[in-house]
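Here's the letter readout for the chains.
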Amino acid sequence: MGDENCSKCGAELPSNSKFCLNCGVKVEKETRSEREPIHEVFRFLFSKNLIIAAILFGILFIWIGAIVLTFSTDLTGYRAAQTLNSLGFFITGVFLIGGGIVNDAMDKYVRVGMIVIGVYMITSVLALTSLLIH
Ligand SMILES: [Zn+2]
């Protein structure tokens, strides 16, 4: 005896069935409610609106950094520009990776793209920073 009904034809489904016996449609299992609380925190932190806000914030840092670099004539200005750029890349990168991992409602190719770009951004920040330290 089942406690669910098919979403397509409405026929009663035997418990734990993967497909409807009447019309053959795949049964969607509700797994979201079984998620761990820590996952919910990450889902909130990397929700779409916060990702967009963080990316815009990061791009703003990169943009200001580029302007500072354009008008800087000494090492202090160059360092300030570099710091702004690194911060922007880091913030954007972290939220692209987090968003790509957590937002399982999005298209998987978009998510993979976000993670790849995020990793690229953080890697280039680390590479550039180590270059400046040496
Ligand atoms: Zn059905």
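The shown structure was predicted, so the numbers you read here are calculated from the model rather than taken from an experiment.

Scoring rules and cut-offs
Residues numbered from 1 in each chain as written. Predicted model: local features only at pLDDT ≥ 70, side-chain atom pairs only at ≥ 80, totals over all residues. Heavy atoms only, no water. Helix = DSSP H or I, 4+ residues; strand = E, 2+ residues; numbered from the N terminus. Rg over C-alpha atoms; globule rule 2.2 N^0.38 Å. Buried < 20%, exposed > 50% of the residue type's maximum accessible area, 1.4 Å probe, protein only. Contact = heavy atoms within 4.5 Å. Areas by Shrake-Rupley, 256 points an atom, 1.4 Å probe, with all protein chains shown as cover. Donors = N, O, S within 2.8 Å, 3.2 Å for Na, K, Ca; no water. Tetrahedral: all angles 85-135°; square planar, octahedral: opposite > 155°, others 65-115°. Domains from an automatic or database assignment. Core = buried A, V, L, I, M, F, W, Y, C linked by side-chain atoms within 4.5 Å.

**Focus: the overall build of the chain**
Now for step 1: In terms of helices and strands, the chain carries four helices and two strands.
Now for step 2: Beginning at the N terminus, the succession of helices and strands in the chain can be written as β-β-α-α-α-α.
Now for step 3: For a compact globule of 134 residues, the expected C-alpha radius of gyration is about 14 Å, and the chain comes in at 23 Å, more than 25% above that figure.
Now for step 4: Looking at the chain residue by residue over its 134 residues, the buried ones come to 28%.
Now for step 5: The contacts in the chain between residues at least 6 apart in sequence include a share of 43% that link residues at least 24 apart.
Now for step 6: In the structure as shown, the chain presents an accessible area of about 9,600 Å², 67% of it carried by carbon and sulfur atoms.

**Focus: the coordination of the zinc ion**
Now for step 1: Those donors, C6 (SG), C9 (SG), C20 (SG) and C23 (SG), are the protein atoms that reach the zinc ion, and they lie 2.3 Å from it.
Now for step 2: Considering all four donor atoms around the zinc ion, angles at the metal cover 108 to 115° and the coordination shape is tetrahedral.
Now for step 3: Donor residues for the zinc ion sit on one chain with the sequence pattern C-x2-C-x10-C-x2-C. Taken as a pair, C6 in the loop between β1 (4–5) and β2 (12–13) and C20 in the loop between β2 and α1 (37–45) lie far apart in primary sequence, 14 residues in all. You'll find C6 and C20 in the same group, each marked buried.

**Structural notes on the domain arrangement of the chain**
Now for step 1: When the domains of the chain are assigned, the result is domain 1 (1–30) and domain 2 (35–133).
Now for step 2: Here domain 1 and domain 2 have C-alpha centroids that lie 43 Å from each other.

**A look at the nonpolar core**
Now for step 1: The biggest cluster of nonpolar side chains holds 12 residues, and these are F46, I51, A54, F61, I62, I91, F95, L96, V102, M106, M114 and M121.
Now for step 2: Sequence-distant contacts of I51, that is, excluding residues within four places in its chain, are made with F46, F95, G99, N103 and M114.

**Observations concerning the environment of L45**
Now for step 1: Tracing the sequence through the fold places L45 in helix α1.
Now for step 2: For L45 and G99, which are 54 residues apart along the polypeptide, the C-alpha to C-alpha distance reads 8.6 Å.
Now for step 3: In this view, L45 contacts L50 and F95; residues no more than four positions away in its chain are not counted.

**Considerations on the environment of V27**
Now for step 1: Structurally, V27 is set in the loop between β2 and α1.
Now for step 2: Assessed through its relative accessible area of 14%, V27 is described here as buried.
Now for step 3: Counting along the chain gives 33 residues from V27 to L60, while the straight-line C-alpha distance between them is 45 Å.
Now for step 4: Apart from the residues within four sequence positions on either side, V27 is in contact with L13, S17, K18, F19 and C20.

**Some words on unusual backbone geometry**
Now for step 1: Phi at N16 takes a positive value of approximately 65°, unusual for a residue other than glycine.
Now for step 2: One can find N16 in the loop between β2 and α1.
Now for step 3: Relative accessible area serves as the criterion here: at 67%, N16 is assigned to the exposed category.

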